[in-house]
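# Survey of secondary and tertiary structure
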Amino acid sequence: MTQDELIWRVAGGSGDGIDSTSQNFTKALMRSGLHVFTHRHYPSRIRGGHTYVEVRARDEPVKSRGDGYNFLLALGDSFARNPQEEAYYGNEEVKPLTENLDDLREGGIIVYDTGLLEEEDLPEDFDERAEANDWHVYPIDLRSIAKEHGREVMRNTAGVGASAALLDMDLSYFEELMEERMPEDVFEANLAVLEDAYEQVEGQSTDHDITVPEGDHDTEQALLSGSNAIAFGALDEGCRFIAGYPMTPWTEVFTLMTQYLPEFGGVAEQVEDEIAAASLALGASHAGAKAMSGSSGGGFALMSEPLGLAEITETPIVLVEATRAGPSTGMPTKPEQGDLEHVLYTSQGDSCRVVFAPATVTEAYEQTRTAFELAYDYQLPAIVMYDQKLSGELRNVDADFFDREPTAGLGSTLTEEELTEAAHHASGKFQRFQHDAENGVSPRSLPGQKGGRFLASGNEHTPEGHISEDPDNRVAQMNRRLRKLDDIQEKLNDREQTHQTLYDPGEEDATYGILTYGSQQGTVEEAVDRLVADGHSVKALGVSQLMPFPEAEVTAFLESVDECLVVEMNATAQFRGLVQRELGQYGPKLASLLKYNGNPFEPAEIVDGFESAIDGQEFEHTTATLQKAAGD
């Protein structure tokens, strides 16, 4: 981390408004011309429990959270269960201060609310640590400032005012945001709180060197998360039905779709469980709607049966799987990439599905649209897999990126006129599942169409849908369904834009590689920048297309390097296992850097992991695990 960036962390308890406060702070920085990136950490509790949001701002695009941070606004946990040191979970009231000290950089700033956090609550070595790390500490009674002009809940606004004063920030951006979002009486009170806190701190001695960079945007910016992008992609691709059951972190996509769908004439249904959700969406798709469902972890496990039904009935559907730390309930609000094998192979029999794992907001939008396109062109399930990291982190994106043409078509679906020329059985039934479809796709009809009657069965079936256990028919139907994946791969290969991201900032062909998938891509790219700057010959490949596996692109990457570090957030190296399954000959080149403690990677961890794996240096991080290549 350098001083040409601000990494501002606001910490409090769940229910203290940490999320909304950080969003406003982030938007103000973005509107001032900076590029922003947020990281959110919160417990699986509705009220109380230490939560924080980190906002990173620079004058150039930001791809990842940083290493540590340089400004802490500690509000304290006003919903602490038991603010006593001897309590089972300790004094939760003070944790927004004490649990954030280890990550604060030398020379950093601490503002804490003395209206909630009293001096006797602070750690005994607090002053000693502050002096040793050259921290600049500002105890301020934010609660009193808030109560003087409005309500206690406005102490967040006071904290923003104090932060702005210490950083010499222009208040106009905050004032503009508050006026846009608040009723007049609430706005006036918050404005008074903001200005009072600013003025009280402005007069204090400030000898720190933390500043806000200056920047400028060429085009209008939007502040979005991966959840926003998935919802926008689904709507633009014509999705008009969603069914679901709330489960963190999938709930954000479900909530957004529920809000927006009525504006497009669509339908959103919250049902009793995830089996019902996927089945309802499957029924809507069978009836002729573009439909989706989704869940997280255990909820997606319940969708295994309808997922298999979609595969054998060849009913298009898009599912969203928001991965979180498992197994079972695990850590519901923490990011992890432990569901890869589950998503690739869950359900009965051999899988015939498409799986994408976008890495960025823009990829989440584009790959959601591609998932719908492929699902309805090839009549199979398409899964968009992401995690709490991509779901919750906000970043600025060019607003005109989303100026795309919408798509409403249903893919390989016949009209009644086309059905008159289609193959039918002597009984009059439409031969929905023909053996000889060249690309594996036998066009479908919709219920109610004249000449489109067929049977949709979860059993293996004849071309018109009757149950069949004939060996020849079984092989013909299975082979035809699997041919779809080969044709999909050919179709994707022919496109100008790939779903893999090669990152090679060096001047010559790199000797070493870093391979990752999904949400870790940006962090890996920042690590590569640092390694190249330090003289290492290294490049990276971020993979988003997981099924069908992009064999040619990954092969070309692995052929071009001597050794490769695979970076992923799980304990069992599932992505490395997938690569070795598909491309076993490269196993001896692959080492793994794994992290599964509930926090995403920081760039420095990947830098150190690379130097340890490639150069043989000692790996000193206790937050991640390094596994050497097979045979080392």
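Now for a description of the structure that goes with this document. (Residues numbered from 1 in each chain as written. Predicted model: local features only at pLDDT ≥ 70, side-chain atom pairs only at ≥ 80, totals over all residues. Heavy atoms only, no water.)

On to the overall build of the chain, then. The number of helices and strands found in the chain is 21 helices and 21 strands. Relative to the globule expectation of 26 Å for 632 residues, the C-alpha radius of gyration of the chain, 27 Å, shows essentially globular dimensions. Taken over the C-alpha atoms alone, the chain extends approximately 90 × 60 × 50 Å along its principal axes. For the chain, with 632 residues in total, the buried portion stands at 58%. The contacts in the chain between residues at least 6 apart in sequence include a share of 77% that link residues at least 24 apart. Carbon and sulfur atoms provide 45% of the accessible area of the chain, an area that totals close to 25400 Å². (Helix = DSSP H or I, 4+ residues; strand = E, 2+ residues; numbered from the N terminus. Rg over C-alpha atoms; globule rule 2.2 N^0.38 Å. Buried < 20%, exposed > 50% of the residue type's maximum accessible area, 1.4 Å probe, protein only. Contact = heavy atoms within 4.5 Å. Areas by Shrake-Rupley, 256 points an atom, 1.4 Å probe, with all protein chains shown as cover.)

What follows is about the nonpolar core. Judged by nonpolar contacts, the single largest core of 86 residues is most densely connected at Met257, Met292, Leu515, Leu546, Leu558 and Phe575. At 9 residues, the largest contribution of residues to this core is made by helix 14 (residues 361–378). Those residues within four positions of Leu515 in sequence are excluded, and the remaining contacts are Leu541, Val543, Phe557, Cys564, Leu565, Val566, Val567, Phe575 and Val579. Judged by nonpolar contacts, the second largest core, of 48 residues, contains Ala57, Ile140, Ala158 and Phe187. (Core = buried A, V, L, I, M, F, W, Y, C linked by side-chain atoms within 4.5 Å.)

On to helix 10 (residues 274–286), then. End to end, helix 10 covers 18 Å across 13 residues, agreeing with the expected 18 Å (1.5 Å per residue, within 8%). When we look at burial in helix 10, the residues that qualify are Glu274, Ala276, Ala277, Ala278, Ala281, Leu282, Ala284 and Ser285. The elements touched by buried residues of helix 10 are strand 8 (241–244), strand 10 (291–295), helix 11 (297–301), helix 12 (304–313), strand 11 (317–323) and helix 14. Where helix 10 begins, the side chain of Asp273 points an oxygen toward the backbone nitrogen of Ile275, at a separation of 3.2 Å. Immediately downstream of helix 10, the backbone of Gly288 shows phi near 115 degrees, a positive value. (Expected span 1.5 Å × (residues − 1). Polar contact = N/O pair within 3.5 Å; in protein donor to acceptor, adjacent residues only side chain to side chain.)

We now examine the pairing of strand 4 (residues 69–76). For strand 4, the tally of buried residues reaches 8 of 8 residues, placing the bulk of the element in the interior. Where strand 1 (residues 6–13) meets strand 4, 5 bridges bridge the pair, whose relative direction is parallel. In the sheet register, Ala11 faces strand 4, and the bridge partner there is Ala74. Bridge analysis of strand 4 against strand 5 (residues 104–113) gives 5 bridges, and the strand direction is parallel. (Pairing = 2+ DSSP bridges.)

Taken as a whole, this structure holds 14 aromatic pairs when the rule is applied. Ring plane angle 45 degrees and centroid distance 5.8 Å describe the contact between Phe232 and Tyr260, whose orientation is recorded as tilted. Highlighted residues: Phe232 in helix 8 (residues 226–236) and Tyr260 in helix 9 (residues 251–260), separated in sequence by 28 residues. Residue class for Phe232 comes out partly exposed when judged on its relative accessible area of 22%. Between Phe372 and Tyr376, the aromatic rings sit 6.5 Å apart at their centres with planes inclined by 10 degrees, giving stacked as the arrangement. (Phe/Tyr/Trp six-rings, centres within 6.5 Å; stacked < 30°, edge-to-face > 60°.)

Take the environment of Gln477 next. If you trace the backbone, Gln477 turns up in helix 17 (residues 471–493). The spatial distance from the C-alpha of Gln477 to the C-alpha of Arg9 is 56 Å, given a sequence separation of 468 residues. Once you skip the residues sitting within four places of it in the chain, Gln477 turns out to touch Phe433, His435, Glu460, His461, Thr462 and Pro463. Of note is the side chain of Gln477, whose polar atom sits 3.2 Å from the backbone oxygen of Phe433.

This part takes up the sheet that holds strand 15 (residues 500–503). Here we have 6 strands laid out as an open sheet, ordered 15-17-16-19-20-21, and mixed in their pairing. Looking at the sheet topology across the chains shown, the edges are occupied by strand 15 and strand 21 (625–627). Ignoring strand direction, the axes of neighbouring strands in this sheet form an average angle of 20 degrees. Relative to strand 17 (residues 538–543), strand 15 runs antiparallel, the two sharing 4 bridges. When the bridges of strand 17 are listed, Leu502 appears paired with Leu541. Helix-sheet contacts for helix 21 (residues 603–615) involve strand 16 (512–517), strand 17, strand 19 (563–568), strand 20 (590–594) and strand 21, and the interaxial angle to strand 19 is about 145 degrees. (Axes fitted to C-alpha atoms, helices over the stretch in contact; angles between N-to-C directions.)

Bringing the sheet that holds strand 18 (residues 545–547) into the picture now. Judged by pairing direction, the sheet is mixed, and its 7 strands sit side by side in the order 9-8-10-11-13-12-18 without closing on themselves. With partners counted over all chains shown, the strands left at the sheet margins are strand 9 (267–270) and strand 18, one partner each. Averaged over all adjacent pairs, the angle separating strand axes in this sheet is 20 degrees, with direction ignored. By the bridge criterion, 3 bridges tie strand 12 (residues 354–356) to strand 13 (residues 381–387) in an arrangement that is parallel. Each residue of the ladder has a partner; that of Val354, found in strand 13, is Ala382.

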